[in-house]
Amino acid sequence: MSVTRKVQAMSRMAVGLCALFAVLGATQARAGEWVHGVYSNVWGTRSFQLWVPTGYQPGEPLPLVVGLHGCLQNPDQFAGLSRLNAKADAERFLVLYPNQAMFANGTQCWNFMFSSNQERGIGEPSIVVGMVDWVKGHYAVDSRRVYLGGVSAGAVMTSILMACYSDVFTAGMVGAGAMYKAATTASGSLYAMTFGSIYSPDDRGYDAWACSGKPRRNVPVLVVHGTSDDVVNPVNGQQTARQFVQTNDYGDDGSNNNSVSNTPARVTTAVSPGGRKYTVRDYVSNGVLLVQHIEIQGMGHAWPGGDGAFPFADPAGPDGTTIMWDFFKQHSR
């Protein structure tokens with residue numbers, strides 16, 4: 001081989017090795033660390049952060065939890081508020097935090113109120129699902145256990161994603177949020193936050209079922225809301241629970257026949273270590289907890305049990321992150 005060809009071959013090899021090391025560096029993060037990335041599709045570009053928990057082994061599929069922050073938040077703040085990374089380390093699951101860009105919304109709210117973000121395959125929901133696919137392509141994920149939880153605007157986006165991608169997400173949590181298509185305009189969103197949605201939860205229950213293609217599957221959802229929430233009226237929590245009960249009523253047999261009853265099978269009360277009383281309503285079908293609605297007395301617009309060093313925390317409330325993960329653990333695809 002000539003010297004020139006040797007140099008060319010060595011150059012190609014060097015380029016190939018650099019590319020390989022770049023891929024390995026991006027995908028094989030050490031356990032217990034952040035991975036930062038950017039995802040783009042035809043609907044836009046958003047950054048994200050992925051928490052890879054302590055004890056992660058590339059060949060062992062782990063559950064994935066997607067955490068959607070609220071307005072005036074970012075992934076770091078939501079992670080700190082919820083202490084979700086510590087729970088991920090203890091229970092061994094990955095956590096994906098999509099980040100709303102300020103160029104898309106100046107207060108970093110997810111744009112849940114626009115119709116372009118309320119259907120399958122378009123808008124911001126498609127970007128979040130694309131991020132999930134990216135994580136599945138680079139890490140060992142158990143596709144039977146992909147969960148989703150959000151607070152405030154992130155919670156409303158959770159309702160949309162649970163409605164329109166029930167084949168992707170196994171269970172979800174709506175914290176201080178609203179039901180699927182609670183509003184379809186910015187002014188309607190303000191009205192719904194203040195007074196509750198003008199739309200029927202039963203009608204939206206059907207719409208949510210239809211958005212995923214009228215599937216025959218359960219859509220387990222946990223709804224958590226404070227009774228003193230002065231940002232998102234607590235009636236929105238009641239509407240969200242009712243909507244997903246109706247979605248499940250369609251989802252089990254394709255009919256609106258009360259096969260999943262809108263009367264809770266169990267109603268219990270408890271008091272958090274911080275002194276907050278809360279009521280738990282369980283909606284059950286064939287022994288499976290499908291919808292759980294928790295109302296926390298005296299809590300405002302907050303994440304219950306959150307770290308008080310961060311905004312939107314209610315340290316006196318029950319541990320919302322533990323409640324969420326305990327609900328998720330009951331469900332596998």
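Residues numbered from 1 in each chain as written. Predicted model: local features only at pLDDT ≥ 70, side-chain atom pairs only at ≥ 80, totals over all residues. Heavy atoms only, no water.

**Comments concerning the overall build of the protein chain**
Keep this limit in mind: A run of H or I in DSSP counts as a helix once it spans at least four residues, and a run of E counts as a strand once it spans at least two, with each numbered from the N terminus. Burial classification: accessible surface area is computed with a 1.4 Å probe over protein chains only, and a residue below 20% of its type maximum counts as buried, one above 50% as exposed, and the rest as partly exposed. The criterion used for residue contact is that any of the two residues' heavy atoms lie within 4.5 Å. Accessible surface is estimated by sampling points in the Shrake-Rupley manner with a 1.4 Å probe; for residues, cover comes only from the protein chains shown. Lys and Arg are tallied as positive, Asp and Glu as negative. Neither His nor the chain termini are counted. To locate a charge, the coordinates of NZ of Lys, CZ of Arg, CG of Asp or CD of Glu are taken.
When its secondary structure is counted, the protein chain shows nine helices and twelve strands. Expressed as lengths along the three principal axes of its C-alpha atoms, the size of the protein chain is roughly 80 × 40 × 40 Å. Expressed as a percentage of the 333 residues in the protein chain, the buried residues total 53%. By sequence separation, contacts in the protein chain at least 24 residues apart represent 66% of the contacts at least 6 residues apart. Carbon and sulfur atoms provide 54% of the accessible area of the protein chain, an area that totals close to 13,700 Å². In the protein chain, 24 side chains carry a positive charge and 24 a negative one; their mean positions are 9 Å apart.

**Comments concerning helix α5 (residues 153-164)**
Note the following rule: To estimate the expected span of a helix, count its residues, drop one, and scale the result by 1.5 Å.
End to end, α5 covers 17 Å across twelve residues, agreeing with the expected 16 Å (1.5 Å per residue, within 8%). In terms of burial, α5 is largely enclosed, as twelve of its twelve residues are buried. Three or more residues of α5 are buried, namely A153, G154, A155, V156, M157, T158, S159, I160, L161, M162, A163 and C164.

**Structural notes on the sheet that holds strand β9 (residues 277-285)**
This is how it is decided: Pairs of strands are assigned from DSSP output, requiring at least two bridges between the strands. Structural elements are reduced to axes, namely lines fitted to C-alpha atoms, with helices fitted over the stretch in contact, and the angle between N-to-C directions of any two is expressed from 0 to 180 degrees.
Reading across the sheet, the ten strands line up as β1-β2-β4-β3-β5-β6-β7-β10-β9-β8 and stay open at both edges, with mixed pairing between neighbours. The sheet is open, and its two borders are formed by β1 (33-41) and β8 (266-271), each paired with just one other strand. Taken pair by pair, the neighbouring strands of this sheet meet at an average axis angle of 20°, ignoring direction. With eight bridges connecting them, β9 and strand β10 (residues 288-296) associate as antiparallel partners. What sits directly across from Y278, in β10, is I296. Running over the sheet, helix α2 (residues 75-82) touches β1, β2 (44-52), β3 (62-68), β4 (94-98) and β5 (141-151) and is turned about 135° from β4.

**A few points about helix α8 (residues 235-253)**
Along its 19 residues, α8 runs 28 Å from first to last C-alpha, staying within 8% of the 27 Å computed at 1.5 Å per residue. Immediately beyond the C-terminal end of α8, within one or two residues, lies G254, with a positive phi of roughly 80°.

**Describing the environment of S272**
The test is simple: Here a polar contact means two N or O atoms within 3.5 Å. Within protein one must be a hydrogen donor candidate and the other an acceptor candidate, and residues neighboring in sequence count only if both atoms are side-chain atoms.
Within the secondary structure layout, S272 lies in the loop between β8 and β9. According to the relative accessible area criterion, S272 is buried, its value standing at 5%. Measuring from C-alpha to C-alpha, the distance between S272 and E60 comes to 36 Å, with 212 residues separating the pair along the chain. Sequence-distant contacts of S272, that is, excluding residues within four places in its chain, are made with Y278, A316, G317 and P318. Polar contacts involving the side chain of S272 include one to the main-chain carbonyl oxygen of A316, which spans 2.6 Å.

**A closer look at the pairing of β4**
For β4, the buried fraction is high: five of the five residues fall into the buried class. Burial of β4 is two-sided: the residues L94, L96 and P98 facing one way and the residues V95 and Y97 facing the other way are all buried.

**Description of the nonpolar core**
The criterion, for reference: Residues enter a nonpolar core if they are buried and are Ala, Val, Leu, Ile, Met, Phe, Trp, Tyr or Cys, with the set joined through side-chain atoms within 4.5 Å.
Among the nonpolar cores identified, the biggest contains 56 residues, and L50, L64, L96, L161 and F169 are the most heavily contacted of them. No other element matches α5, which puts nine residues into this core. Setting aside residues up to four positions removed in sequence, L96 forms contacts with F48, Q49, L50, L64, V65, V66, G67, M131, V132 and V135.

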